[in-house]
Every structure is written in structure tokens, then in C-alpha cells.
Amino acid sequence: MKTKKYSFYKEKYGYYFILPYFIVFSIFILYPLVYTFYLSMTRYDGFSEITWVGFQNYGRLIKDQFFWKSFVNTWRIWIVNIIPQIGIALLLASWFSDVRYRIKGSGFFRAVFYLPNLVTAASVALLFNVLLDWQHGAINQLMISMGILKEPIHWLGESTLMPLIVSFIQWWLWFGHTLILIMAGILGIDPSYYEAAVVDGANRWQIFIRITLPLLKPIMLYVIVTSLIGGMQIFDIPFVLTDGKGAPASSLLTMVVYLYNQGFQYNNFGYGAAIAYALFLVILLCTVVLIRFYHKGDKEYE
Amino acid sequence: MSNKTGGRKISRILIYFSLIFLTIICILPFYIMLINATRSNAEIVRSLSLLPGSNIIKNYHSMLKGVNIWRGLGNSAFIAISYTILSAYFSALTAYGFSKYKFKGKSILFGIVLLTMMVPAQLSLIGYYELNNKLNLLDTYFPLILPGIANSFTVFFLKQYIDANVPGTIIEAARIDGASEFKTFHRIILPIISPAIATMSIFNFVFAWNNYIQPLVLIFSNEKYPLPVLIGFLRGSSYKTDFGAIYLAIAISVLPIIIAYILFSKYIIGGITMGSVKE
């Protein structure tokens, strides 16, 4: 009885341990979230008085062709990079984990493939900006010397090419990360499944489709959801790669580039805040749909 | 049978060929960056080279005219180190509180920590700017550093680690010896969980070092900008015509991370999967 009372008294210390987190959380995380939502209902330029306008900013957003352009651009950049990212990561993971190939140096290759992921995105963007330079860039020089191109391409001015290049950079930055996660997933699969499949006479392809892929579903969900949350917020690469406003021809105008320009270049704080919450809605809906889809698939296997 | 092994040999060759090709794709941009950082503008403009030039000193002086790179490096280091230390200490504190004490509202409060992990970081950018405007913290490092105290992902990760690696008997033993709760935490818990703190600290450091949009919005003074913002400014600057200097600036901004990666790659690669799915 006595010890119970004693430990109950000690349990209250839990509050002291978590207190600093929640003080900072309330001021620096929760308040800005709520306040941004409030600002999305106002007209405000950062200096003069705040005017309440209700849902007017959201009404404007729905009719704003630049917002929809940024929406489509963001999705296109993400989809064009996530599909090869997962595809190549799966292929590499299947090579590395297949004992029949006995790939040497898989640790080295994984480490090299992951390297771009850590490097500052702003530096990567400026690096590609100079590499892609029309007259003096290394990419044109390399491709011409290899005979792939006859004339230099003005990459940074081609609105059809630049979204593909941003997708490529994103792929380049992230495929090693996805590879490491998928490898971990494959190594976590109980070998007895494979043994049973081999006894049943399944071939390599059947094993991959029927056993490996279904068992990788949790890790795939994690990869896709985190990539989606990050991909919808893509900013550093498209912002630094061209003029910071989405050039050429608004093809790199992503949702956060648009948010930044509305908020901090044109001082439309209210409208920028509405873009932020529209972005949040997109991410929330997609995450919920993905998780639902995932669990629906689960039941089918039971 | 021999046909089968022969086919396997060909696949192995193709696999190694692909792996080497991908290795080149991953390294070549950085390699060209390093080579061109040592070449003169005329050489860079004329042709591509795989061998270094001898112009690095000139590029260095020319770069310093356009960007105060060492100042930026110092600023970035200050911000990233402060953020990492705050994250390490306060996340451990919070995680320990959640892991080893039972108090009212605990599951709701921990639910809030988990939810915060899902909230996209850019969402509150405008409100964050306004908050710091009101608090007179614009153009200071506080808004870039203080959120380290409320680092939800690190809290989540460390709580998992404490749950699995710190037995309650150790805490009971310390209590019986008369140690206060905080003394127990500082003297006993922190050393036990230091490997997990080290892993998370690498990621927190890289995150704070690479952070771009927040300092871009919150900092105004030239001498206070961290490195990524200075690098971003080099893109439209008139000084862009000096490619050697630009490549050198990029190289200096990238090398600390690459060197850290070469030193710690084992922990970094191990750490990536620790935070992900463990169902």
C-alpha cells in the first residue's frame, strides 16, 4: 500500500518531463497552424489591418488557373518520379537479395545510391542549374561529345522537358532511400514462405508476384505515403533550378512555389494561407485514401 | 544445366553493368562539380574534362567576391548544432516521460505527438512568419532552433528505443538508492540511450543543415543567412558567368555533408530503416 502511494507520487513527474515539449509545441507548432487557418479567412498583406473575408480566398482558389496548374505540375512531377523510383528500387532489391546472383559489394552500392539523398537540395538544384546551362553546361558538352546530341539543348527554357528533369532529380535523390527501405522489408520476410513456394514448384516470377510483393505491402505503404507528403511539398529543387517563379512557362510552378510567391513575394498572406490549407487537404485526402485502399487489400487476403 | 548457369552468368554481368551505370549517375554530378571547381571559366566553357585544372585559388578569390561562404558555413553550423542538441536532450526527456511514467491524459498527449509527425511542415509557414513577427524574432535564429525542443519524430523514435531497452528495474533501483527522478534521467537513462540519440542526431543535423525555405522566409540580413540560402541566391546573380567560382561554392556547401556521410554511413543507413515500419 505504502509503495503504491510512493510510486503514484513519482508518476506525476511524467508531466515535468514532457512539459518543455508541449510548451514549445503549443507556441511554435500548434499556434502557427491555427493562425494560418485564421489568416486563410482574411485579406492581409503583412502590414495593414487584417480584414475578415470568410471563405472568399477558397472561392478564388477554385477558379484560379495558376493554382490548378501548380496542382497538376506537382502531381505530374511526383508521379513521374515515384513510379520509376519504386520500380528500380524493387528491381535492385530483388537482385541484391537473390542468393543465386551472389552480388558482391551490395553494401557499397547501397551507400552510393543513397548519397544524393543527404546533400542539400538547394545546392543540388544550383548544381543542376549550371550543369544544364545551354551554352556552357556539362550535360550538353557530355551528350554532344558522346554523339547523343548534335546541337545543344536549351534545357532550362523547355517547358516540356523541365518537369521531367525535376522528376529525374527527385528520382536521383530518393531511389537509394527507397531501395534501403525495400531491402529491409525483403530481409524481414520469413524464409519458410520461399521454401514452401519452391517445394510447390513456383518459379522466380511467381514467387515475386505472389509472395514478395504482398508481404512488402506495409513498407510500400510507408514509402508511398511519406513520398507523397514530401512530394506534394516540393519546393527547393524547382525554386532554385529556374527563376523561383516556376519558369519556363510556369511548368515548375508547384503548389509550395505558388504559396511562397503569393505569401512572400506579393504579400497576399491570406491567399497564401488558403493555398497552404488546400495543400493540406490534398495530402490528407490522399493519405486516407491510400490507407483505406491498403486495408481493403488486407481483407481480401484473409 | 550448363545452359542454365551460362544464362545466370550473363544476367550477373548485366546486373553488374547496371549497378556500375547507376553508380556513375549518382557520382558523376558531384565529380564534375569537384573537377570544374578547379578549372578556369575559359576551360569550363570550352569543354568537359575528367581531370582537375589548376585554377582553384583564382576561383576561390573570385567566389569570395560574390558570396561570404565561410560566414554562411559558420551560420549553418551554429543553427544545425544548436537544433541537434536541443532535439537530442528534450526529445530524450519527453520520450522518457512518455515511456516510464503513467499519468492522466498520457495516451492523448502521445497521440498529439504522433499526429504532429503527419502534419506537413510547409502548412503553417505563413502563420509561423506572423508569430515570429509578433514575438520580434524575425531575422534571428530562434525560430530555426527552438522547434528542436518539440521534435515529434525523434520523440517517437526514442520512446520506442526506451520501451525496448530500458528495464523498469533500473529506475526502481535508482529510486531505492535515493536518486531524484531527474538525476536518474541524467545519470542513468541518458547514457543507456545514447546510441539511439546519436543516430537521430545525425538525421536532425542533416535536416537543420539542409533547411531552405524557413531561413529564406525568416532571415533578412546578409550576414545571418545559412549556406543553402546563400547558394540559392547565386542562381540569378550577375556573377553567375564565373562558373568555376559557382562550382567551388557548391562544392564547399556540399562537402561537409559528404564527408560526414563517408564517416557515418553505417549508422545513417542503419538509422533509415529504424524509424520506418515496425509492425
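Residues numbered from 1 in each chain as written. Chains lettered and ligands numbered in written order. Predicted model: local features only at pLDDT ≥ 70, side-chain atom pairs only at ≥ 80, totals over all residues.

Draft legend 1. Fine view of the overall build of chain B. Per the secondary structure count, chain B includes 13 helices and 0 strands. Going residue by residue from the N terminus, the α and β elements of chain B occur as α-α-α-α-α-α-α-α-α-α-α-α-α. For 279 residues, the compact-globule formula gives about 19 Å, and the C-alpha radius of gyration of chain B, at 24 Å, lies well above that figure. Principal axes of the C-alpha set define a box for chain B whose edges measure 75 × 75 × 35 Å. The buried share of chain B, reckoned over its 279 residues, is 41%. (Helix = DSSP H or I, 4+ residues; strand = E, 2+ residues; numbered from the N terminus. Rg over C-alpha atoms; globule rule 2.2 N^0.38 Å. Buried ≥ 20, exposed ≤ 12 C-beta atoms within 10 Å, placed from the backbone.)

Draft legend 2. Structural view of the overall build of chain A. Of the regular secondary structure elements, chain A holds 14 helices and 2 strands. In terms of overall size, chain A is more extended than a compact globule, its C-alpha atoms giving a radius of gyration of 25 Å where 302 residues would be expected to give roughly 19 Å. Dimensions of chain A, computed from the C-alpha atoms along their principal axes, are close to 85 × 75 × 35 Å. The 302 residues of chain A split such that 40% are buried. Considering only residue pairs separated by 6 or more positions, chain A has 70% of its internal contacts joining residues 24 or more positions apart. (Contact = placed C-beta atoms within 7 Å.)

Draft legend 3. Up close: the interface of chain B and chain A. On the chain A side, the residues contacting the 75 residues of chain B number 74 residues. A breakdown of the residues in the side of chain B that touches chain A according to their chemical character gives 51 nonpolar, 16 polar and 8 charged. (Nonpolar A, V, L, I, M, F, W, Y, C, P; charged D, E, K, R; others polar.)

Draft legend 4. Spotlight on the packing of helix H5 (residues 106–118) of chain A against helix H8 (residues 162–187) of chain A. All names here are of chain A. Running from N to C, H5 and H8 point in directions that differ by 135°, and their axes come no closer than 6 Å. Considered as vectors, H5 and H8 are oriented oblique to each other. The handedness of the crossing between H5 and H8 comes out as left-handed. Contacts between H5 and H8 involve Arg 110, Phe 113, Tyr 114, Pro 116 and Asn 117 from the former and Trp 172, Leu 173, Trp 174, Phe 175, Gly 176, His 177, Leu 179 and Ile 180 from the latter. For the contact of H5 with H8, the per-class residue count stands at 9 nonpolar, 3 polar and 1 charged. (Axes fitted to C-alpha atoms, helices over the stretch in contact; angles between N-to-C directions. Parallel < 35°, antiparallel > 145°, perpendicular 65-115°, else oblique. Left-handed = near helix turned anticlockwise from the far one by under 90°.)

Draft legend 5. Up close: helix H2 (residues 13–39) of chain A. Residue and element names in this part refer to chain A. Taking 1.5 Å as the rise per residue, H2 with 27 residues should run 39 Å; its terminal C-alpha atoms sit 38 Å apart, in good agreement. At Leu 19, H2 shows its largest kink, close to 45°, and the proline Pro 20 lies no more than four residues downstream. Every buried residue of H2 is accounted for by Gly 14, Phe 17, Ile 18, Tyr 21, Phe 25, Phe 28, Ile 29, Pro 32, Thr 36 and Leu 39. (Expected span 1.5 Å × (residues − 1). Bend = angle between axes of the 7 residues up to and from the residue.)

Draft legend 6. Spotlight on unusual backbone geometry. All names here are of chain A. Following Ala 247, the chain continues into Pro 248 via a peptide bond in cis, with omega recorded as -5°. Residue position: Pro 248 is located in the loop between helix H12 (236–241) and helix H13 (255–265). One non-glycine residue with positive phi stands out, namely Arg 102, at about 45°. Among the structural elements, Arg 102 can be located in the loop between helix H4 (65–97) and H5. The class of Arg 102 is exposed, set by 9 C-beta atoms lying within 10 Å. The backbone phi angle of Ala 249 is positive, close to 50°, even though this residue is not glycine. Note that Ala 249 resides in the loop between H12 and H13. A residue is classified by how many C-beta atoms lie within 10 Å of it, and Ala 249, with 13 of them, is partly exposed.

Draft legend 7. Fine view of the nonpolar core. A:Ile275, A:Ala276, B:Leu158, B:Ala249 and B:Ile250 are the most contacted members of the largest nonpolar core, which totals 148 residues. When neighbours within four sequence positions are excluded, B:Ala249 is seen to be in contact with B:Met63, B:Val67, B:Ile69, B:Ile231 and B:Leu234. (Core = buried A, V, L, I, M, F, W, Y, C linked by C-beta atoms within 7 Å.)

Draft legend 8. Seen up close, the packing of helix H4 (residues 69–100) of chain B against helix H8 (residues 152–165) of chain B. All names here are of chain B. Between H4 and H8, the shortest axis-to-axis distance is 8 Å and the interhelical angle comes to 50°. Of the possible angle classes, the one that applies to H4 and H8 is oblique. For H4 against H8, the interelement crossing comes out right-handed. Of H8, the residues touching H4 (which contributes Ser 87, Ser 91, Ala 92, Thr 94, Ala 95, Tyr 96, Phe 98, Ser 99 and Lys 100) are Thr 154, Val 155, Leu 158, Lys 159, Ile 162 and Asp 163. Considered class by class, the residues forming the contact of H4 with H8 number 7 nonpolar, 5 polar and 3 charged.

Draft legend 9. Fine view of the confidence of the model for chain A. Chain-level pLDDT for chain A is 91 on average; 95% of the residues reach the 70-or-more range. Counting contacts from residues 1–5 of chain A, a segment whose pLDDT is below 50, to residues more than four positions away or on other chains yields 0 contacts. (pLDDT = per-residue confidence, 0-100.)

Draft legend 10. View of the environment of A:Leu90. All names here are of chain A. Examined against the element boundaries, Leu 90 turns out to sit in helix H4. Residue Leu 90 is classed as partly exposed on the basis of its C-beta count, with 19 C-beta atoms lying within 10 Å. Each C-alpha atom of the pair Leu 90 and Thr 226 lies 17 Å from the other, and the pair is 136 residues apart in sequence.

Draft legend 11. Summary view of the environment of B:Gly148. On the secondary structure map, B:Gly148 appears in the loop between helix H7 (142–145) and H8. Through-space distance from the C-alpha of B:Gly148 to that of B:Ile269 is 23 Å; in sequence the pair is 121 residues apart.

Draft legend 12. Structural context of the confidence of the model for chain B. Per-residue pLDDT for chain B averages 91, and the proportion of residues at 70 or more is 96%. Per the prediction output, this complex has pTM 0.94; the corresponding ipTM is 0.93.

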